[in-house]
Amino acid sequence: FLMAPPARAATYWVSPAGAAAWSNCESAADPGSNYCSLVMANSNAAAGDTVYLKGGTYSFSTLYGAALSPSHSGMSAAWIVFQNAPGEAPILQGAYGTRLWGLMIKTSYVRIDGLTFVDFSDQMIYDGAHHVEVAHCVFRNDTSPYRGGIFEMVESCLGGSDYRCYVSDIWVHDNTFLRLMAGGGCIGTLISEGGDAVRVGYPNGTCNAGTNCTAGANHHITIEDNAMAYAGHAVMDTYGTHEVIKNNVAHNEPWY
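Below: a short report on this structure. (Residues numbered from 1 in each chain as written. Predicted model: local features only at pLDDT ≥ 70, side-chain atom pairs only at ≥ 80, totals over all residues. Heavy atoms only, no water.)

Across its full length, the protein carries one helix and 23 strands. On C-alpha atoms alone, the protein measures out to a radius of gyration of 18 Å, which is about the 18 Å that the 2.2 N^0.38 rule sets for 256 residues. By principal-axis analysis of the C-alpha atoms, the protein measures approximately 60 × 45 × 35 Å. Taking as baseline every contact in the protein between residues at least 6 positions apart, the subset at least 24 positions apart corresponds to 66%. Surface exposure of the protein reaches about 11,700 Å², of which carbon and sulfur atoms provide 54%. Distance between charge centroids for the protein: 4 Å, based on 11 positive and 22 negative side chains. (Helix = DSSP H or I, 4+ residues; strand = E, 2+ residues; numbered from the N terminus. Rg over C-alpha atoms; globule rule 2.2 N^0.38 Å. Contact = heavy atoms within 4.5 Å. Areas by Shrake-Rupley, 256 points an atom, 1.4 Å probe, with all protein chains shown as cover. Lys, Arg positive; Asp, Glu negative; His and termini not counted. Charge placed at Lys NZ, Arg CZ, Asp CG, Glu CD.)

On to the environment of His220. Along the chain, the position of His220 falls in strand S19 (residues 218–224). Taking the relative accessible area as the measure of exposure, His220 reaches 41% and is therefore partly exposed. The spatial distance from the C-alpha of His220 to the C-alpha of Phe117 is 25 Å, given a sequence separation of 103 residues. (Buried < 20%, exposed > 50% of the residue type's maximum accessible area, 1.4 Å probe, protein only.)

Take unusual backbone geometry next. For Tyr230, which is not glycine, the phi torsion reads 70 degrees and is therefore positive. The backbone of His242 shows a phi angle near 50 degrees, a positive value even though the residue is not glycine. Position of His242 relative to the elements: it lies in strand S22 (residues 240–246).

Evaluation of the coordinates by the stated rule reveals ten aromatic pairs. On the basis of an interplanar angle of 80 degrees and a centroid distance of 5.6 Å, the ring pair of Trp79 and Tyr109 is categorised as edge-to-face. In this pair, Trp79 sits in the loop between strand S4 (66–68) and strand S5 (80–84) while Tyr109 sits in the loop between strand S7 (101–105) and strand S8 (110–113), placing the two residues 30 residues apart along the sequence. The partly exposed category is assigned to Trp79, whose relative accessible area is 24%. Feature note: the residues Phe60, Phe117, Phe120, Phe139, Phe151 and Phe177 constitute an aromatic cluster, connected by ring pairs. (Phe/Tyr/Trp six-rings, centres within 6.5 Å; stacked < 30°, edge-to-face > 60°.)

Given below as structure tokens:
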């Protein structure tokens, strides 16, 4: 009697112009109409649900907003899945120059599969998220200069004042990371190195000493079979433990 009920698995469909109520976009097969918005899916997708994104461009421009950011966690036997509709190519498009996140995950047992993220300032898995899979996605910036887009798995806590909310059990595979961060430059007498494309954690002492500093303890992360190219600093930088990094192709010619 006291046990939690099993998750009810359901399939939902969203489109760039979707405006249907959540209950109306549930269908085992493509309904052909009555699609929901991605905003609606972010708020409502629950353990066991699969959300299919129809092809087309999903545009986002809200300052400090996030395009794909599920509100709920799945369960070990009932993940939440966001993926491209079969045979279709959805593109999540950010507004160049606006601080907003393409992918922002602070929940667990979530899989993101087959989506393209363009011109966002950040992609972030953080705040203790665990059991997250990101597969067959493209993260790129098309607008020059390439000011953002870093894909980071970091221990930043919600609110950004504490750096001890470590992430774990993350599998990032078969993705493309392209032109995500620009190089640095000279500001007066200072020289900036620029940003990384893919990052796990922060160096020890990121928050300038004190009890809220990171110790680089993000763990059990696998990064494999990805293509990474063109970043202002490094295509990948990692501060974590129990990691597997294999079969990636990385190159970083002078490109901009």
